[in-house]
Structures are given as structure tokens and as C-alpha cells.
Amino acid sequence: MKALNFILLIFWLLLCSHSGENSLTLKTWNSHILRSSASTEDTLKVNEIVRRGLKFISTKDPDLAKVKQCIDSAYILSDKLKVEMPALLNLLSANYLYLTGDFRQSEEEALRGLESARNNGEFQIMARMMLFLGRYYLKTGFFKESDDYFSNSIELARKKDIKGIITRAYQGQADIYETVKDHKSFRKSLELMADAGFKEKDTIGVLTALYRLGTALSDTARLRDFHDADSLLRKVIIIGKLYGDSTFLSGASSNLGWNFYCEKMYDSSIVNYKKAIAYGSMSSRKMSLANPLGNLGTIYRDLKNTQAALSFYTKALDYATKDNDWYTLSWVYNDMCNMYLTEKDTSNAFKNYILYKKYNDQLIYSNNSAGLTEARIRYEADSHRKEVELL
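Notes on the structure in this doc start here. Just so you know, these numbers come straight off a predicted model, no measurement behind them.

### Quick word on the pattern of salt bridges
- Across all of its chains, the model carries 14 salt bridges by this definition.
- Close ionic contact of Glu-263 with Arg-224 constitutes a salt bridge, the shortest N to O distance being 2.9 Å. With Glu-263 in the loop between helix H11 (246–262) and helix H12 (266–282) and Arg-224 in the loop between helix H9 (203–219) and helix H10 (226–243), the pair connects residues that are 39 residues apart, well separated along the chain.
- Take Glu-263: its relative accessible area is 39%, and that puts it in the partly exposed class.
- Ionic pairing is found between Asp-302 and Arg-301, a salt bridge with its closest N-O pair at 2.9 Å.
- Here Arg-301 falls in the buried class, since its relative accessible area comes to 19%.
- One continuous salt-bridge network, built from bridges that share partners, spans Arg-135, Asp-175, Glu-178 and Arg-212.

Following this line, the structure appears as C-alpha cells:
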């Protein structure tokens, strides 16, 4: 049995593998655009193309071919009009290079854009570039640098009254502290994120902070606090209802169910898991109901109601199979194995253990592959840094 561990972020940039797609029409990413007294109108024309590219890249599944076309077009137009390459184009280019796996050039592009924005007094772009660099250094394992950029973006946003930065920066810092297992700072960052979200009327930011903290307090051994988790997750449900977000409602209800289950308050747990399924069925976003269904199966297993347990387990496995959800397939088959062992049905226990082992091995392989990718990214970033220091 497991707590629901999905986190709704505001589409943070994901690492993708798109080899061979990161060469641009111009012979180099470096800016060779001549500085001139070009009209503001010319710069606006370039930025219009760049903003189109940023719109493409901010989607959940960005069309990188369209993003690349926008970057190419912006470079060509900048060259034609003899205008300075805008810092916004650096930001788009850095994001594109990041998504295509070219981390060296991504960092260089971002640093150039940050310097350009600083020189031209473009404070909003400066703050956005700092957020990007905070994310970049978190991904590449330079946690101090990541924390510094997030802190600097918060300071700049407060000083210049820039909206939409502070909640994202606190979320980035929460990710750092979660990675290094600094539970106290993790909790503090999410509390600050929620406060900032309330001040800026950023509903998604508030919901995300409260949901993450409530989930952590319901499921993390060193943070577990039944009453605080209950309070936070209920706030998510109240705000989620006002905002009309069924996905948050489903997730919060599911984790309330887990919170009650950990206290062996099975009736309350069942009520909340059934609410999670109802909200999840209403959600316009694609989400799996495998987790609450599987957990209901385990509750009925604990209550010695094997027939009800098997009914919920079967439904959970159907959803998990459709979604290629090896994590849920793994723990559900393991819980079923334990159920049959308790009943001394060794034949079915063995069958379910074999399936548990199959999906658990696939999950381990997937995690190891992701770990190797992360190690490669951090090695390349560290090697690049050392090369720069030798220059």
C-alpha cells in the first residue's frame, strides 16, 4: 500500500532526449548581432517571434521542432534588422538546449542572457533567467549555486515588484532541500511558497505548496504529523472546490485516505479514497485511479474481506496496466501476495510474488537508467565547469 506521490507543478522543464535536433540555422549560438540604434519596433518584431516560441515550449509536451523554427526565425530577423539579440531570445534558446540535452550551451546561453538583461535593465527577464539557472544547477547537482539563484530571484522580484517569480523560486528551493533530505528547510520553503502564493493570488502555487507539504507530513517518516497533514490536505480540498480543480481534489482526498490508514482509521480512510476516485473520474486531466483503488483493496485485505479486496485490486491493476504504471503494479501484486500468504494460499501467493518481482525489476531498471542519465548530466556539467575555470 502506498501514498499517492504525484506532484502537480507548473510544468517545470523536463529532460528529454532529442538528439540531432539542436543545431540552428545560424552557424553558432553565440550572438554576433551588431549593436545599433535600431528602433524599438524592430526589437518588438523579434520578441514577438520569441514569445511564440516560449508559448510552444511552456506546454506539457512541447513541440521542439516549432520552438527551433521560432529560434531560427528570431536569429535571422535580428541579423537582418541589425538589432541586438534580445535577452528573451537567450532565455528561449537556453530552454530549448536544456530540453534537447545540450547542457553546456544551455548554461552559456542563460548566463549571456542574464548579463544582457542586467545591462539593459530588463528586470523581469533577469528574474526569469535566475529561475532557469536555479533549475539548471539543481538538475546538474550544484545545489549551492541553485539555491543562490533562487534566492536572488526572490530578492529581485521583491525589490522590483515582479509577479509570478517568488512562488516558483520557493518551490525550487523546496526541491533542493527535498533532494538533500533537509526536512526542516523543505517544510519552511513550502510554507513560504504558500504565503507568497496567497499574497500574489497565485491559486495553483498555493495548492501546490499545501498539497506537497500535506503529502510529506502524511507519508514521510521524519516529517509525519497526522494533525498537520489532515489540516493542510483539507485546505487543499476547500480551495480546490472553489477553484474547480478535480485533480487536486482527488490527490488530496487520496492522501487524506492514506493519513487515516496509517492511524488504522479504516472507515475514514475508505470514505476519502472513494472521494478520490469520484474526483479523479471528473478530472479533465489524464490521471490514473490505480492508487486509490489499490489502497482500497489493501484496506479490505486488512479487514479480512478478501472478496472486496480482490475486486478493488483487479480494478487497480487494470488502470495500472493501461498506464504502464510499474510502481503501482509492483506494490499491488506485493500486497496481494501478502494477502494470500496470510490465508496460507501459497499457490496464489507465489503467482503474485512472481508478478511483483517482474514489475519491481522493471521499476528498478527504469530508476537505474534514470540515475545513470542524471550522473552523466552532472559529470558533463562538472567537466565543463572545470574547463571554464582553466581558461
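### Quick word on the side chain of Ser-116
- Structurally, the position occupied by Ser-116 is in helix H4 (residues 103–119).
- A residue is classified by how much of its surface remains accessible, and Ser-116, at 10% relative accessible area, is buried.
- Apart from the residues lying within four places of it in its own chain, the contact partners of Ser-116 are Glu-84, Met-85, Ala-87, Asn-90 and Glu-122.

### A short note on unusual backbone geometry
- The backbone of Asp-161 sits at a positive phi, close to 55°, despite the residue not being glycine.
- By the element assignment, Asp-161 lies in the loop between helix H6 (143–160) and helix H7 (166–179).
- The phi dihedral of Asn-324 is positive, around 50°, even though this residue is not glycine.
- Here Asn-324 shows up in the loop between helix H14 (306–322) and helix H15 (326–342).

### Describing the packing of helix H13 (residues 290–302) against H15
- For the pair H13 and H15, the least separation of the axes is 11 Å and the interaxial angle reads 10°. As summarised for this structure, H13 and H15 are arranged roughly parallel, according to the angle between their axes. Residues Ala-290, Asn-291, Gly-294, Asn-295, Thr-298 and Arg-301 of H13 form the contact with H15, whose own contacting residues are Thr-328, Trp-331, Val-332, Asp-335, Asn-338 and Met-339.
- Its residues assigned to classes, the contact of H13 with H15 comprises four nonpolar, six polar and two charged.

Basis of the calculations
- Residues numbered from 1 in each chain as written.
- Predicted model: local features only at pLDDT ≥ 70, side-chain atom pairs only at ≥ 80, totals over all residues.
- Heavy atoms only, no water.
- Salt bridge = Lys/Arg side-chain N within 4 Å of Asp/Glu carboxyl O.
- Helix = DSSP H or I, 4+ residues; strand = E, 2+ residues; numbered from the N terminus.
- Buried < 20%, exposed > 50% of the residue type's maximum accessible area, 1.4 Å probe, protein only.
- Contact = heavy atoms within 4.5 Å.
- Axes fitted to C-alpha atoms, helices over the stretch in contact; angles between N-to-C directions.
- Parallel < 35°, antiparallel > 145°, perpendicular 65-115°, else oblique.
- Nonpolar A, V, L, I, M, F, W, Y, C, P; charged D, E, K, R; others polar.

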